[in-house]
Structure formats: structure tokens, C-alpha cells
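Structural characterization, general
The primary structure of each chain is shown beneath.
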Amino acid sequence: MSQHIRNLAIIAHVDHGKTTLVDQLLRQGGAFRANQVVAERVMDSMDLEREKGITIKAKNTSVHWRENIINIVDTPGHADFGGEVERVMKMVDGVMLVVDAYDGPQAQTRFVLRKALKQGLRPIVFINKIDRENSNPKKVHDQVLELFLELHATEEQFNAPFLYGSARDGYAVRELGDKPTDMIPLLETILSYIPPPVADPAAPFTMLVSNIAWDDYVGRIAIGKIIGGQVTTGDMIYRVQKNGARERCKITKVFEYSGTQTNDSTLGISGNIVGLAGFTDLDIGETLCAQEEQQALPFIDIDPPTIRMEFAVNDGPFVGREGKLVTSRQIRERLDREQKGNISIHVEESERAGVFYVSARGAMQIAVLVEQMRREGYEVLVSRPVVITHHDNGKLMEPFESLWLELPEETIGSVMKVLSSRKGAISQMETHPHSVTIEATIPTRGLIGFEFDLMNLTNGRGVMSHLFLEYRAHAGEISSRLTGTLVSTDTGVATSYALDQLQERGKLFITAGEEVYKGMIVGENPRADDLPINPTREKQLSNVRSKGEGKGIQLTPPIRLTLERSIEYIAPDEYVEATPKSLRLRKKFLNPEDRKRQSRQMADLA
């Protein structure tokens with residue numbers, strides 16, 4: 001019954017062409033009409049995905065080709081979104097590993113491939129961008145085989161078929177030198193090598209919820225692979241929650257995937273990946289089954305989060321000007337909703353009212369959440385990331401990561417110096433004709449803000465990727481920011497007159513005409529301490545002429561920090577105020593007397 005179905009996930013590092021490859025498979029599989037206008041990277045449906053050029057959420061699609069259904073799960077390539085990859089492993093029976101013919105396997109490739117091989121999934125390797133200048137597909141072929149050995153692949157997994165091609169140009173070949181035509185060799189390899197799903201049509205209906213979607217008409221949708229029986233619209237089933245509780249539900253709709261669309265279906269058959277509606281509440285990892293006595297299906301173990309940040313209610317003087325969702329109840333509901341659909345994020349109440357702790361894999365994952373909340377009309381304060389530590393036999397342990405760097409040869413000295421200051425230990429170094437690759441081990445704390453330093457030191461030519469390694473003994477003090485800040489002492493509108501004098505003191509984050517408030521950070525002080533300033537001061541006029549008459553004011557353009565950079569830039573006693581239209585840096589305590597009192601309390605505790 002399920003012999004004509006294939007389920008596979010596509011895994012790759014960021015920018016190795018995975019989403020472009022899915023475009024070509026859909027196009028050549030007949031998912032689009034001949035005259036249909038199709039955007040590039042159709043699977044990157046979120047605005048943020050299109051802007052950043054990366055996949056953030058795992059999404060389903062399917063190619064109907066020669067009376068076969070090839071269900072494809074497009075997965076993120078960034079390590080921070082690894083939870084999206086881990087949870088789809090139970091839905092698929094094989095993986096397609098996409099590797100750049102120049103870069104070779106990268107950090108996220110290792111992470112996801114390790115999870116897939118551990119699950120016993122069969123891999124297919126597609127070496128992409130063989131048309132790229134300086135590409136070396138033979139060398140990458142050997143690197144992938146070495147990676148299989150390193151990750152303890154079985155003999156069957158090690159003998160995976162290799163294909164070569166260009167996703168951009170829409171062709172795949174089995175051997176280098178074959179005439180490039182289309183993607184048919186890849187589709188044929190998927191059908192011949194990836195096994196059909198293991199499913200029992202005669203068994204009672206059973207499905208593990210591996211993903212959750214939302215529809216404005218039917219509400220929450222459970223997505224997963226049916227591993228037993230079948231389901232039709234109107235069926236009464238049981239939802240087995242993680243705590244063992246069982247709830248009776250009625251299926252109101254069955255969705256099947258076809259190309260980029262979801263189609264209503266009356267029947268979901270075993271082995272197929274489907275969407276089911278009819279639930280008021282649902283969590284990833286729950287089991288849906290036909291009979292009350294059926295056991296819950298095991299869910300894959302998810303790697304724990306390694307960093308934590310505070311989300312707080314905006315208590316600044318400009319609260320509510322730009323956003324409509326500003327209360328702690330609204331923020332808590334939004335974080336709870338995110339937690340249900342994103343299993344690698346954890347939300348906890350803090351000891352302070354209106355402050356929540358959000359734990360995740362990395363700062364970028366939380367930055368994406370904050371950006372989504374801004375666009376939805378929320379105002380929120382976000383703290384600097386801190387790593388999640390624990391004690392083992394009385395010893396303080398912190399997370400460490402494996403770090404891979406590729407940088408120009410002339411910048412190696414300055415990068416090594418920064419790595420050393422961040423407690424990084426180099427384990428391997430290779431010199432290439434125009435670049436150097438470094439493999440190092442570094443505390444997760446040392447990676448916060450490191451990417452910005454790397455971009456500056458290498459003039460934007462440095463490439464980094466990192467992966468959680470293990471918990472080790474605390475590495476000691478790491479200096480986060482060597483500079484202080486310029487903190488406003490007044491609330492009002494910044495003037496050219498005031499900023500003209502202040503720009504000699506440091507780098508400004510604002511320009512004339514912008515509103516500021518007491519406790520807001522308006523610039524960077526080159527020295528280590530914070531400097532109170534008044535950016536709203538106006539020029540005093542005499543009854544004859546203005547003082548300083550004849551001096552033309554020319555302000556240096558202000559530094560505009562992105563959300564990710566702001567989160568990494570701030571100190572532990574500061575917040576980023578994120579609203580739909582603005583990003584502001586501020587002190588946690590706006591009143592200078594409160595800041596002094598807090599610093600004295602911290603000193604007493606130390």
C-alpha cells in the first residue's frame with residue numbers, strides 16, 4: 001500500500017543550495033504549471049527566511065512523479081535551529097545530504113547527519129555547485145566518506161550513492177563527466193535507494209505528531225507520518241499527551257501535500273505524511289491513535305538548550321507608542337505559543353514580575369523570535385544571553401562548542417589573539433593556497449559576539465560555524481565588552497548642538513531629532529566606564545546674537561546596530577528595547593540612583 005511512497009529529509013549547511021534544490025525537484029516533478037510564475041526558494045515562505053536567505057522552520061512538500069509520492073522535508077541549515085531537524089527524523093526513512101563542491105561538509109552537516117545515521121536512516125549524497133569556480137567534487141567526495149567513518153556509519157550507510165550537479169542550473173549526474181540534462185537521475189536514485197515507509201495498513205490508526213501548523217479556518221494542524229492503519233475525516237481518535245493523559249478528538253480535516261500546496265483529502269493512508277485538524281490543543285511528540293489502550297510512540301531525544309535570556313515587559317517612558325501588545329499576559333501567551341511549536345525553546349517564570357526566562361540553542365534563534373514578535377506588534381525588553389550552567393560533583397560546568405573557521409591567511413594572527421582571549425583552544429589548522437581553516441574548542445560564552453569581531457578582523461571574508469560539543473569545567477572569566485556607554489541623563493529630543501560636542505567623546509547610536517529618555521544608551525564610550533551625558537541640551541541665545549554663531553555643525557552618521565548585534569553588544573546590566581519600529585539600548589534600571597543601589601547590592605553579594 002505504501003510502496004509508491006518515499007519520505008526523506010534534505011539536510012545541508014547554510015547556503016549549500018538545499019532550498020534551491022527543492023525548487024528544481026518540484027519544478028521538474030511537475031508541481032508547477034508550464035506558465036506559472038514561481039518565486040525563487042518557494043519553500044522559504046516566511047518573510048524572515050527570504051530576508052536572511054536561510055531556512056528557519058522545517059516544512060513539508062511533496063513531488064508526485066511517475067505515480068509515486070516523494071515527501072520532502074526541507075530542514076534548516078543553521079545550528080541554532082537544530083531542534084527543527086531533530087524532530088522530523090521520525091517522519092522520514094532516508095536523508096539527502098547536500099554538500100557544496102567547494103566548501104565540503106560543515107558543522108551543521110555533521111550535527112544533522114549524526115542524528116540521521118543514529119536513527120538508521122539511509123543517506124543519499126548530492127554534491128552541489130560543481131559548476132562553481134575552484135570546486136573540487138572529488139575531494140569533497142572523500143571528505144564525506146571520512147565524515148561517514150567519523151560518525152560510525154553502518155556499511156550500508158557508508159555505501160550511499162553519490163550524485164553531482166547544480167541545483168541552480170537544474171541538473172544532476174551519477175558520474176562526473178556525464179552529460180548534464182535534468183534532475184531525473186536524482187529522482188530515480190531516491191525511488192531506488194530510499195526504502196518505502198515501514199507501516200502496517202492492517203493495524204489500528206497510529207501517528208506521531210512531528211510538526212504543528214496553523215490554519216485560520218481549522219486551527220491547529222498535527223503533521224506526521226501515519227505508521228499504522230488509515231484515517232478519514234470524521235473519525236474519532238485519541239490524543240495521548242506526554243503525561244499519559246488521553247483525550248478524545250474528532251478529525252475535522254485531512255490534508256495531503258502536493259508541491260507547495262496542501263490539498264484536502266478524505267483519506268490518510270499508512271506511510272504517508274499528512275496533516276490532521278480537529279484539536280484545540282496539541283504538542284509536538286504526542287501520539288494520535290484509534291484505540292484508547294494503544295501505547296504512546298517514543299519521541300526522539302532533543303539536545304538541551306545552552307543559553308538563556310530574559311524577556312521583560314517594556315517599562316520605559318515610550319511604552320505603547322508603537323506596539324499594541326505590551327502586557328506581561330500577552331507576552332507570556334506569545335512565548336507559550338512559541339514553546340508549543342518549537343521544542344528547542346523553554347520558557348520559565350522568573351522571580352520578578354513581568355520577567356520570563358527563555359532558553360534556546362543560540363542567540364540567533366532567540367533573535368528570530370524577537371523579530372517575529374516585533375512584526376506582530378509586541379514591545380519587549382531582551383537581555384544579553386547567558387549560558388546555562390550546572391554543578392557536577394560540586395564542580396561548575398558550562399557548555400563548550402566545536403568551532404570551525406575559514407579565514408584569509410593574513411588575518412590569522414589577530415583572530416588567534418581574539419580566540420585566546422575568549423578561552424578558545426585550537427585543535428587543528430590547515431593552510432590552503434589563499435586561506436586557513438581552523439578547528440577549535442571554545443566555551444559557548446566565548447562565542448557570544450565573536451562573529452561580529454570576526455567580520456571586522458577579516459573585512460567580512462571570515463566564515464564560521466559552530467556546534468554544541470559537551471559540558472566541561474568552567475573556563476574562568478571572559479571579558480565581554482571592553483568599552484563603556486554614553487547614557488542619557490534627560491528625556492527629550494536630541495539636538496545637533498549637544499551631539500556635536502558629544503561625538504568627540506565616543507561613537508553615537510542616535511542622530512539629531514530622535515527622542516531619547518533618561519537611562520537610554522545613546523553611544524559608546526571608548527573607556528570602560530559609563531558616562532552620563534545630556535543629548536537634549538540646546539544652544540543658549542543672547543539678545544544680540546547666538547553663542548557660537550558661524551560654526552557649521554556636521555554630525556558623523558550614527559552606528560545602527562542590528563537586533564542580533566544589539567543582543568550580543570549589551571552588558572549584563574542592560575536591555576534591548578524591541579518595538580515594531582525601533583530598537584533602543586537602555587540600562588535595566590533607568591534611574592542612576594537605582595543603578596548605584598543595585599551595583600552596591602551585587603558587590604555585597606560577591
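Structural data are supplied above this passage.
Below is a short write-up of the structure. (Residues numbered from 1 in each chain as written. Predicted model: local features only at pLDDT ≥ 70, side-chain atom pairs only at ≥ 80, totals over all residues. Heavy atoms only, no water.)

**Let's talk about the sheet that holds strand S6 (residues 162-166)**
Taking strand neighbours across the sheet as the criterion, the 7 strands line up as S2-S3-S1-S4-S5-S6-S7 in an open arrangement whose pairing is mixed. Looking along the sheet, the strands with just one partner apiece sit at the ends: strand S2 (59-65) and strand S7 (171-173). Averaged over all adjacent pairs, the angle separating strand axes in this sheet is 30°, with direction ignored. As defined by bridge partners, strand S5 (residues 122-128) adjoins S6 across 3 bridges and the pair is classed as parallel. By the bridge assignment, Val 125 is partnered in S6 with Phe 162. Sitting on the sheet, helix H1 (residues 18-28) touches strand S1 (5-12), S2, strand S3 (68-74), strand S4 (94-100) and S5, and the angle it makes with S2 is about 35°. (Pairing = 2+ DSSP bridges. Helix = DSSP H or I, 4+ residues; strand = E, 2+ residues; numbered from the N terminus. Axes fitted to C-alpha atoms, helices over the stretch in contact; angles between N-to-C directions. Contact = heavy atoms within 4.5 Å.)

**Observations regarding the pairing of strand S12 (residues 236-240)**
In the case of a regular strand, side chains alternate between the two sheet surfaces. Among the 5 residues in S12, 4 count as buried, and that is most of the element. Both S12 and strand S13 (residues 246-250) contribute to a ladder of 5 bridges, which runs antiparallel. Note on S13: the bridge partner recorded for Ile 237 is Cys 249. Counting the residues in the hairpin turn of S12 and S13 gives 5 residues, including Gly 244, whose phi is positive at 95°. Alignment of S12 against strand S18 (residues 287-289), held across 3 bridges, turns out to be antiparallel. Within S18, the position partnered with Tyr 238 by the bridge is Cys 289. (Buried < 20%, exposed > 50% of the residue type's maximum accessible area, 1.4 Å probe, protein only.)

**Let's talk about the side chain of Arg 586**
Checked against the element boundaries, Arg 586 lands in strand S36 (residues 583-587). Taking relative accessible area as the criterion, Arg 586 reaches 0% and is therefore assigned buried. Of note is the side chain of Arg 586, whose polar atom sits 2.7 Å from the side chain of Asp 315. (Polar contact = N/O pair within 3.5 Å; in protein donor to acceptor, adjacent residues only side chain to side chain.)

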